[in-house]
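Descriptive structure summary
If you want the building blocks of each chain, they are given just below.
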Amino acid sequence: ALGAAVRAGLVAGVEHAIGASATGLVVAGGGSTFPAGADITEFSKPHLPPSFAEVMAAFEDAPFPTAAAIHGTALGGGFELAMACHYRAMGERARVGLPEVHLGLLPGAGGTQRLPRLVGADAALEMMLTGAPIGAERAL
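Figured I'd write up the structure that's included with this text. (Residues numbered from 1 in each chain as written. Predicted model: local features only at pLDDT ≥ 70, side-chain atom pairs only at ≥ 80, totals over all residues. Heavy atoms only, no water.)

1. A word on the sheet that holds strand S4 (residues 87–90)
The strand order S1-S2-S4 describes an open sheet built from three strands, whose pairing is parallel. The open sheet has two edge strands, strand S1 (25–28) and S4, and neither has a second partner. Going from strand to strand, the sheet's axes swing by 20 degrees on average, the running direction of each strand aside. For S1 and strand S2 (residues 66–70), the ladder comprises four bridges, and the chain directions are parallel. Residue Ala28 lies in a different strand from S2, and its bridge partner there is Ala69. (Pairing = 2+ DSSP bridges. Helix = DSSP H or I, 4+ residues; strand = E, 2+ residues; numbered from the N terminus. Axes fitted to C-alpha atoms, helices over the stretch in contact; angles between N-to-C directions.)

2. What to know about the sheet that holds strand S3 (residues 73–75)
In space, the three strands of this open sheet follow the order S3-S5-S6, with mixed pairing throughout. Only two strands of the sheet have a single partner each, and these edge strands are S3 and strand S6 (134–135). Sheet contacts for helix H3 (residues 77–84): S3 and strand S5 (95–97); angle to S3, the most-contacted strand, approximately 95 degrees. (Contact = heavy atoms within 4.5 Å.)

3. Focus: the nonpolar core
Residues Phe59 and Ile70 are the most contacted members of the largest nonpolar core, which totals 34 residues. Those elements giving two or more residues to this core turn out to be helix H1 (4–19), S1, helix H2 (52–60), S2, H3 and helix H5 (121–130). (Core = buried A, V, L, I, M, F, W, Y, C linked by side-chain atoms within 4.5 Å. Buried < 20%, exposed > 50% of the residue type's maximum accessible area, 1.4 Å probe, protein only.)

This is the structure:
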């Protein structure tokens, strides 16, 4: 999950790559999945920086190409992180989606703006309103 420590690590990774004069950056999850979304245990706690918006901006505004290597699931904030990258690649069994609608929430890290730009309004609305994840074949 994209808890405060993971968010801080992601921003630090981009900053380190910038300082090292990297020419690109690929983000991937450790283990069996891409970051799967927000850490719901943090919902009732005081916000700790960096914000989701700051994380997304770090990847989107990096001075070099950023790419998300998606495996397993990239849901909610994890999918929003992938959308903030300049490029995305998915394993054949990977799935992406915005299931937070099932909790009565809307995507809060720019997904409502980025998804329609990537897939068009009709497909984006379907994903945002149903919360149903889609597989790699349909996503790409």
